[in-house]
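Observations on the three-dimensional arrangement
Chain by chain, the residues run as shown.
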Amino acid sequence: MAASQRTSRPGRRTRARAAGVLLAVGAFAAGGCAQFPNEHPNAWRDQPSLEPQAGPQPSIEQPAPPPPEPGQPTEPPPSVPAGCIDPDPAVVATCLDPVGAITVLPDGKGALVGERATGRILRVEQDVEPVEVARVPVDSSGGGGLTGLALSPSYQEDELIYAYASVDGENQVLRVAPRDNPKPVLTGIPKGASGNSGALLDDGRGALLVATGDAGDRANATDPASLAGKVLRIDGFGAAAPGNPDPSSRVVASGVSDPGGLCGAINTGGYWLTDRAGSRDSLHRLEFGAALGAPAWSWPDRPGVSGCAAGPASVVVALTDAAALYTLNPGPDGTFTGQPSKVMERTYGRFSAAANGPDGQLWLGTANKSGGAPVPSDDRAIRIEPPSGDSGKD
């Protein structure tokens, strides 16, 4: 796609606001193929909430507009994207390349979006033209490219960004300073024919969590000498962070195959990892100092788990191949309450990235240009109220 065609534009327009047209969320189905021993057969599901929602509108009769003159162009309905203009008020940025990662800025009004194949990092905000803040020279083969973004734990003071990307024949963690070129802080993560995606997360304790793929070799995931197939905890310079189970090692968990996302915080029930391994996709609750072990939830139908967003009462998993979100409600004992739900199926297409904002809003990125059925405004960054999963109790 030419560079001029990739230029992103804000999704909301004055005409769309006047029309008051919103996208409706389709039917919500339970995640039928997921395996979970404590699933309650008669648990109920409540309706997901999608923000923004229209309030009641006054009914004022207006005369019907005259038909267009013969030969005059007619404007498309406001609910249909026209080029890079998307009337959906939840759409923040349009005409992106497939999104590999997203992280929300401290004010909650904007976010940073990373394009997997181009390596561009863009600042996006509603009704503001996106701004390219950095570009990483990436190799997107084997599932690599730019797949992870996180703000520095001290972003308010230093404005540093961290990226996980495939660069120069390996996978790296890079630091991006304002008005400077990206610089690697952790190198030597193996890159192979597959299993090259990674994910980043500020752990809320002054360190950075890094999930690395196994580079297509399962032996890497159990090899203590390899940085592949692991969850690492590092400081801003790539060294082992204080408080790691082994003070001399960056590794805090092993056994990762092809990570899709990291999410959570120490004060919201811990950390979660999505992984795509062999015959199933899975969601793991991380325990530092141990291998992944059995997943907290698994999908034998392999819907393409990607980014995730977690709070005290829910975990939302982006599904790329299934083109939906999956919501789960974790309990304090590590099990799930109620019935997990598949929601927003085929509303925006293939979800590829997810992140929570400080205001409680959920940010999402799509990858419809990679194996999907893109609309004119794809790919997009989206900001909604988190969908609620089942609130029933076991």
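Above this text sits the structure in question.
The sections below set out a description of the structure shown in this document. Owing to the predicted nature of the structure, the values given are computational and were not obtained by experimental measurement.

1. Quick notes on the sheet that holds strand E4 (residues 110-115)
Judged by pairing direction, the sheet is antiparallel, and its 4 strands sit side by side in the order E3-E4-E5-E6 without closing on themselves. A strand with exactly one partner marks an edge of an open sheet, and here the two such strands are strand E3 (99-104) and strand E6 (128-135). When the angles between neighbouring strand axes are averaged without regard to direction, this sheet yields 25°.

2. Here we look at the packing of aromatic side chains
Two measures describe an aromatic ring pair: the distance that separates the ring centres and the angle between the ring planes. Tallied over the full model, the rule gives 6 aromatic pairs. Aromatic side chains tyrosine 271 and phenylalanine 288 sit 5.6 Å apart centroid to centroid with 10° between the ring planes, which places their arrangement in the stacked category. With a gap of 17 residues between them, tyrosine 271 in strand E16 (residues 270-277) and phenylalanine 288 in the loop between strand E17 (280-285) and strand E18 (290-291) connect regions that are remote in the sequence. A network of ring pairs unites the aromatic residues Trp272, Trp297, Trp299, Tyr326 and Phe336 as a single cluster.

3. What about unusual backbone geometry?
The linkage connecting aspartate 378 with the following residue, aspartate 379, adopts the cis geometry, with an omega of -5°. Checked against the element boundaries, aspartate 379 lands in the loop between strand E25 (362-366) and strand E26 (381-384). Despite not being glycine, cysteine 95 has its phi angle at roughly 55°, a positive value. With respect to the helices, strands and loops of the structure, cysteine 95 is situated in the loop between strand E2 (91-93) and E3. With phi around 55°, glutamate 159 is a residue other than glycine that occupies positive phi space.

4. Digging into the state of the cysteines
Counted under the stated rule, the structure contains 2 disulfides. Across the disulfide from cysteine 84 sits cysteine 95; the S-S distance is 2.0 Å. Across the S-S bond of cysteine 84 and cysteine 95 the torsion is about -105°, and the bridge reads as left-handed. Of this pair, cysteine 84 sits in the loop between strand E1 (29-30) and E2 while cysteine 95 sits in the loop between E2 and E3; the two residues are 11 residues apart in sequence, bridging distant segments of the chain. Look at cysteine 95 and you get buried, because its relative accessible area is 4%. Disulfide partners in the protein chain, listed by the sequence order of the bonded cysteines, are 1-2, 3-4.

5. What to know about the pattern of salt bridges
Evaluated as defined, the whole model comprises 16 salt bridges. Put simply, arginine 135 and glutamate 132 hold a salt bridge, and the shortest N to O gap is 3.0 Å. According to the relative accessible area criterion, arginine 135 is partly exposed, its value standing at 42%. Note that arginine 380 and aspartate 378 form a salt bridge whose closest N and O atoms lie 2.9 Å from each other. Note on accessibility: arginine 380 and aspartate 378 belong to one class, buried.

6. Some thoughts on the layout of surface pockets
Its volume calculated, the second largest pocket comes out at about 330 Å³. Lining the second largest pocket are 21 residues, with Arg116, Arg276, Ser306, Thr320 and Arg350 sitting closest to its centre. Residue assignment for the lining of the second largest pocket shows that the elements contributing at least two residues are E3 and strand E20 (305-310). Residues that form the lining of the second largest pocket fall into these classes: 4 nonpolar, 12 polar and 5 charged.

7. Considerations on the environment of aspartate 246
Note that aspartate 246 resides in the loop between strand E13 (230-234) and strand E14 (251-254). Each C-alpha atom, one on aspartate 246 and one on glycine 289, is 7.8 Å from the other, the two residues being 43 residues apart in sequence. Side chain to side chain, aspartate 246 and serine 248 meet in a polar contact 2.8 Å long.

8. Considering the nonpolar core
Looking at soluble globular proteins, one finds that nonpolar side chains tend to be buried together. Counting residues in hydrophobic clusters, the biggest one holds 17 residues, and the most contacted among them are Trp272, Leu283 and Val317. Of all the elements in the fold, those that place two or more residues in this core are strand E19 (297-299), E20, strand E21 (315-319) and strand E22 (324-328). For tryptophan 272, the residues in contact, after removing those within four places along its chain, are Gly261, Leu262, Cys263, Leu283, His284, Arg285, Ala296, Cys308, Ala310, Val315, Pro330 and Phe336. Formed by 16 residues, the second largest nonpolar core is a distinct cluster that contains Ala101, Val136, Leu146 and Val176.

9. What about the sheet that holds strand E7 (residues 146-151)?
Across the sheet, which stays open at both edges, the 4 strands sit in the order E7-E8-E9-E10 with antiparallel pairing between neighbours. Strands with a single pairing partner mark the edges of an open sheet, and in this sheet they are E7 and strand E10 (183-189). Here the strands of the sheet are splayed against their neighbours by 20° on average, with no regard to which way each runs.

10. A look at the environment of alanine 353
If you trace the backbone, alanine 353 turns up in strand E24 (residues 351-356). We classify alanine 353 as buried; its relative accessible area is 3%. With 255 residues separating them in the primary sequence, alanine 353 and proline 98 have C-alpha atoms 9.9 Å apart. In this view, alanine 353 contacts Val99, Ala101, Ile102, Ser306, Gly307, Ala318, Trp363, Leu364 and Gly365; residues no more than four positions away in its chain are not counted.

11. Side note on the pairing of strand E12 (residues 208-212)
Of all 5 residues that make up E12, 5 are buried, and the element is covered over most of its length. With burial as the criterion, each face of E12 is covered, one bearing Leu208, Val210 and Thr212 and the other bearing Leu209 and Ala211. Examined bridge by bridge, strand E11 (residues 198-202) and E12 share 5 bridges and lie antiparallel to one another. Across the sheet, residue alanine 199 finds its bridge partner in E12, namely alanine 211. Between E11 and E12, which pair antiparallel and follow one another directly, the connecting turn spans 5 residues, one of which, glycine 204, has a positive phi of 80°. Of the strand pairs in this sheet, E12 and E13 are connected by 4 bridges, and their pairing is antiparallel. What sits directly across from leucine 208, in E13, is isoleucine 234.

Cut-offs applied
- Residues numbered from 1 in each chain as written.
- Predicted model: local features only at pLDDT ≥ 70, side-chain atom pairs only at ≥ 80, totals over all residues.
- Heavy atoms only, no water.
- Pairing = 2+ DSSP bridges.
- Helix = DSSP H or I, 4+ residues; strand = E, 2+ residues; numbered from the N terminus.
- Axes fitted to C-alpha atoms, helices over the stretch in contact; angles between N-to-C directions.
- Phe/Tyr/Trp six-rings, centres within 6.5 Å; stacked < 30°, edge-to-face > 60°.
- Disulfide = S-S within 2.5 Å.
- Buried < 20%, exposed > 50% of the residue type's maximum accessible area, 1.4 Å probe, protein only.
- Salt bridge = Lys/Arg side-chain N within 4 Å of Asp/Glu carboxyl O.
- 1 Å grid on protein atoms, 1.4 Å probe; cavity = no way out; pocket = protein on both sides within 12 Å on 5 of 7 lines; lining within 4 Å.
- Points joined across faces, edges and corners; volume = space filled by probe spheres on them.
- Nonpolar A, V, L, I, M, F, W, Y, C, P; charged D, E, K, R; others polar.
- Polar contact = N/O pair within 3.5 Å; in protein donor to acceptor, adjacent residues only side chain to side chain.
- Core = buried A, V, L, I, M, F, W, Y, C linked by side-chain atoms within 4.5 Å.
- Contact = heavy atoms within 4.5 Å.

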